[in-house]
Amino acid sequence: MNSNAFLHFLTLLLFKQKGKHIGAVLISVIIIFLLSSVLFISSSLQHTLLGTLESQSDFTVSRVQAGKSINTPLEWVDKVLEINGISKVAPRVYGRYFFAPREESFLVVGVDLFDEQSSKELQSLVKDLDLKSFLSTESMLVGEGVKTFLTEHYYKEYFSFKTPDGKFKKVKMFQTLPSQTNLIANDMIIMPIELAREIFGLGEDEVTDITFNVPNDAEWDNIIAKLHLLFYDVRVVEKREIKKAYENLYNYKGGLFLILYLVTMITFMLILYQRYSMVYSTERKEIGILRAVGWSIKDILKLKFYETAVVVLVSFVLGVVLAYLYVFIWDAPLLSQIFLGGANLPNHVEFVPVLEFGLLGSIFLFYAIPFLAAVLIPAWKIAVTPPKEAML
Amino acid sequence: MNEILLSNEVIVYLLSETVLYILLFIAFLSTLGLLKRWNFDVFTTEQFALENRSYLVMTIIFFVMLLKVVLLPYFVYTIDNLSNLIPGAMCGAGVIKANEYGNPLLSLKIIILFLSGLWLSMNSIDLKAKSYPYLKLKSWFFVLIFLLFSAEFLLDILYFTHIETTNPVSCCSVIFGQTGGANGLPFGLDISKLLILFYLLFALVILTTVSEMAVMSIIASLLFGVIAYYSVVYFFGTYIYELPTHLCPFCMLQDHYFYVGYLLWGLLLLGLFLTIDAAIMQSFFKQPAKSLKRISLLLLSLFVLLCSAYVAVYYFKNGVFL
Amino acid sequence: MISVENVSKIFNEGTPQAFEALKSIDLEVSQGETMILSGVSGSGKSTLLSLIAALDKPSSGKIVVEGELISKLPDLHASAYRAKSIGFIFQHFNLLESLSVEENVIAPLINSGLDIKTIKDKAAKSMKSAAISHKASQQVKELSGGEKQRCAIARALVHEPELIICDEPTANLDKANSLKFIEILQSLHERGKTIIVATHDPLFETLSFVSKVVHMEDGVISSE
């Protein structure tokens, strides 16, 4: 069965009747563009977040009082070390520093630079960090959002923290964290752990929380039970729960959009149905002519099906390519704020290109199935045009 | 439950199923009209309109079936993705077992695809004749398939709304493995007997198809299908995973195995379907379906080749069997 | 070759606007014959032609063409019959205005299973015999009446059908073009084709190659 004649004729018709389909292509491209952008952003964010999460410790313990986290005793570290199967125990000091006149805050993270592991991690984060001169004076590393904010408030090289005992602590802004870290580090300040202690007024025997790893995942539930036995006022946060929470978050936000699209899609289908039924009378005559010269209903249906398939494919490719450019080349102005908006400090994130076939498949099905379904009945109606119509 | 429903893939999947079901319902109503008033010997405008109606029904069924063929791997892909949200599940196997609707749903989907394909074959034979001889048969058959479609749609909704993300499920190694002791091969077979049956039945399918023994080839195909399933899960799969204890039909659909599962199961299902379809066309409708048979045998041979290849490659790389 | 037995056609049956366009028509046309159907508009000529061309189905009766019962064919077969055996030339040409002459001419052969090159060759031959080759790539809407008619002829002949049916072919042509058309008909007759023309153009009444003239009035045959 030679189909090149059919394809030849199909191409002819499509080219000569472009006008018929332009409207549908336009709406389709817009819808696919929006949908793809949303999904690209959300999957890219998810990917980045989960990536950073991977390198985090499996567990975090802190002390609670009246349901709230309070400073954790340093001596807990020894008790935790005694439990079998635990590795890489690291106490942490961090907290939120509120910039009093306005309600913005910075996440201050203390890093123990004498701990080999921590300082290695820091150096891999900030590639060209000159550790020696960093440690020579009291300095800190600031995220981009912090830098912008402080510069706006005329703090160009130093910033004075107000400590809980009323004194001011002047700290030098050594370097800005690279913009790739903006997603998590935009409002972050990294400083030596002693400095962080001073700023938050923590005693020498206090830390914010303690992190550790448990390599054998079969032991996880066991360890949690042991911890609760050891300390009556402990809170244990598991990385696997955080992971789930992140995934849910992005599903939720993405899902919310999809439901919005449901509404759009239904409207879209109605418009299409209307539109393709409207072209009725001119197209009817043409189809009648084809029927009169020997085209069967099956042939006409085949023609309509392929016509629609071309429109679907072209719109899909255009929409996805535009979305890709918008999100990954131009960093999605406007739309990204919906996902990142409400962040503490204004953030500007570069999205990491993440392209999954499953994602593209989802977009395609979401668009193609309603489209084809909406056009099916008008197409059939036209295909069964009695050839006699051609004689009128 | 909400996290499941709001995950992108599930929304897309359920939306697609809904749209298709609506179309099928329209086809169903039209078919009822056809059954009631069809009379080929009459020359009324109504009869001509009914002939046009029958084209609507066949277009819808064709379109729906085409998309269901795409939606089946998409369903499996969705299930696989959900394994991230359900504790204990590392692949689709655990997710399917998250409630009692999963397995019936999957099996029903495959059966429906088979039956729809049969309907389309029947339809093309009906069209070739000059008096629509099979119209009533076709229509009743579709009514049956529609009931199955309705069950499938219902199960879809039930399944996805009853997945608990708080209850841990078993991973495939527990479901399929022999560590539990309770999931050994059926009929008391062991691996070597299973393999003998596998290759023997394959040969039988070829034989019965080529020599046009229709009923025998249907039986052989069905048996081969069952044995092939067990062979892949309990033997060939272990060579794909390169781990003698990893028994699972779903894990091979994941990306670190290069998605070979889709190819494997696809070849098997399509090959079996075409063989059975050709046999039915031959025995009930007296149509020799030579090209169908050729393609089906080709597909099944590719399937067997692919399975055996994994074993052979492993042996050549490592000098021993698992 | 064509046998019409007791054929009737009622439009809008069962409604108050029911109209019996043909009433128990009996007609025979032999192979190679050229037959004229004459009568005023509304006499049922076009309806009868559309039935013979399987463009429509009768309300009762039988139509047999070359031994095949075409009055009750399902769509797939009716279309195949039209695509193979009938060349229909319509009163208003019925061409696809947005396409060119050649593209119109190849339309009937698209689903025939032939490859595009063969189809284009056949189209070229057909356009030559209809004297419209020089306008092959021109859009139909830019053609004159006579040229459109010749394009329609080329399309009707491209698949080399045995039966040529024309519905008021000269109604929209001037005298010169009408005569040209009759010439083409004559050459077709000489090639052994069976031709039926529905017309009330007096030019056709005195043609030498016409073997039968059938008058129709109010849906019945009034004289032969």
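Reading the values: the criteria
Residues numbered from 1 in each chain as written. Chains lettered and ligands numbered in written order. Predicted model: local features only at pLDDT ≥ 70, side-chain atom pairs only at ≥ 80, totals over all residues. Helix = DSSP H or I, 4+ residues; strand = E, 2+ residues; numbered from the N terminus. Rg over C-alpha atoms; globule rule 2.2 N^0.38 Å. Contact = placed C-beta atoms within 7 Å. Buried ≥ 20, exposed ≤ 12 C-beta atoms within 10 Å, placed from the backbone. Expected span 1.5 Å × (residues − 1). Core = buried A, V, L, I, M, F, W, Y, C linked by C-beta atoms within 7 Å. Pairing = 2+ DSSP bridges. Domains from an automatic or database assignment. Nonpolar A, V, L, I, M, F, W, Y, C, P; charged D, E, K, R; others polar. Axes fitted to C-alpha atoms, helices over the stretch in contact; angles between N-to-C directions. pLDDT = per-residue confidence, 0-100.

A few words on the overall build of chain A. In terms of helices and strands, chain A carries 14 helices and twelve strands. Against the globule reference of 21 Å for 392 residues, chain A gives a C-alpha radius of gyration of 31 Å, more extended than a compact globule. When contacts within chain A are restricted to residue pairs at least 6 apart in sequence, those whose partners lie at least 24 apart make up 82%.

Take the overall build of chain C next. Regarding its fold elements, chain C presents six helices and ten strands. Relative to a compact globule of 224 residues, whose C-alpha radius of gyration would be 17 Å, chain C shows 17 Å and is just as compact. Projected onto the principal axes, the alpha-carbon positions of chain C cover approximately 45 × 40 × 35 Å. When each of the 224 residues of chain C is scored for burial, the buried share is 50%. If you take every contact in chain C between residues at least 6 apart in sequence, the share linking residues at least 24 apart comes to 68%.

This brings us to helix α5 (residues 102–128) of chain B. Counted at 1.5 Å a residue, the expected span for α5(B) with its 27 residues is 39 Å, and the 40 Å between its end C-alpha atoms agrees. Buried within α5(B) are the following residues: G102(B), L105(B), S116(B), W119(B), S121(B), M122(B), N123(B), D126(B) and L127(B).

Ranked by internal contacts, the top residues of the largest apolar core, which has 213 residues, are I60(B) and I165(C). Other than its neighbours up to four places away in sequence, I60(B) contacts L376(A), L23(B), L24(B), I26(B) and A27(B). Within the second largest apolar cluster, 38 residues are counted, among which are V108(A), M140(A), F161(A) and L177(A).

Here we take up the sheet that holds strand β4 (residues 60–65) of chain C. Residues and elements named next belong to chain C. Spatially, four strands are ordered β2-β1-β4-β5 in an open sheet, and the strand pairing comes out antiparallel. At either margin of the open sheet sits one strand with a lone partner, and together these are β2 (19–29) and β5 (68–69). For β4 and β5, the ladder comprises two bridges, and the chain directions are antiparallel. For V65, the partnering residue across the bridge sits in β5 and is E68.

Turning next to the domain arrangement of chain A. By convention, interface size is frequently given as the accessible area that disappears when the constituent parts associate. Residues and elements named next belong to chain A. Entries for chain A in the domain assignment read domain 1 (4–52 + 245–391) and domain 2 (59–213). The C-alpha centroid of domain 2 is placed 48 Å from the C-alpha centroid of domain 1. Taken residue by residue, the interface counts eleven residues in domain 1 and twelve residues in domain 2. A class-by-class count of the residues in the side of domain 1 that touches domain 2 yields five nonpolar, five polar and one charged.

Residue and element names in this part refer to chain C. Counting buried positions over the eight residues of helix α1 (residues 45–52) gives eight, a clear majority of the element. For α1, the set of buried residues is K45, S46, T47, L48, L49, S50, L51 and I52. Count one or two residues on from α1 and you reach A54, which has phi positive near 55°.

This paragraph deals with the sheet that holds strand β6 (residues 86–89) of chain C. All names here are of chain C. With mixed pairing, six strands are arranged side by side in an open sheet as β6-β7-β8-β3-β9-β10. Taken across any chain shown, the strands that pair with only one partner, and hence form the sheet edges, are β6 and β10 (220–223). Averaged over all pairs of adjacent strands, the angle between strand axes in this sheet comes to 25°, irrespective of strand direction. Pairing analysis gives five bridges linking strand β7 (residues 163–167) to strand β8 (residues 194–198), with the strands arranged parallel. In the sheet register, L163 faces β8, and the bridge partner there is T194.

Looking now at the interface of chain C and chain A. The partner chain A presents 26 residues to the 26 residues of chain C that form the contact. Secondary-structure elements contributing two or more residues to the side of chain C that touches chain A are α1, α2 (75–85) and α4 (116–129) of chain C. The biggest single contributor to the side of chain C that touches chain A is α2(C), with five residues. Looking at the side of chain C that touches chain A residue by residue, the classes come out as 13 nonpolar, seven polar and six charged.

A few words now on the interface of chain A and chain B. In this complex, chain A contributes 24 residues to the contact, which on the side of chain B involves 23 residues. At the level of secondary structure, the elements contributing two or more residues to the side of chain A that touches chain B comprise α10 (239–278), α12 (297–329) and α14 (357–383) of chain A. Ranked by residues supplied to the side of chain A that touches chain B, first place goes to α14(A) with eleven residues. The residue inventory of the side of chain A that touches chain B, partitioned by class, reads 15 nonpolar, seven polar and two charged.

This part is about the confidence of the model for chain C. The predicted model of chain C averages 88 in pLDDT, with 100% of residues at 70 or higher. Ranking the elements of chain C by mean pLDDT puts β10(C) last, at 79, and helix α3 (residues 101–106) of chain C first, at 93.

This paragraph deals with unusual backbone geometry. A positive phi angle, close to 55°, is found at A66(A), a residue other than glycine. Classification of A66(A) as exposed rests on a count of 6 C-beta atoms within 10 Å. One non-glycine residue with positive phi stands out, namely E242(B), at about 55°.

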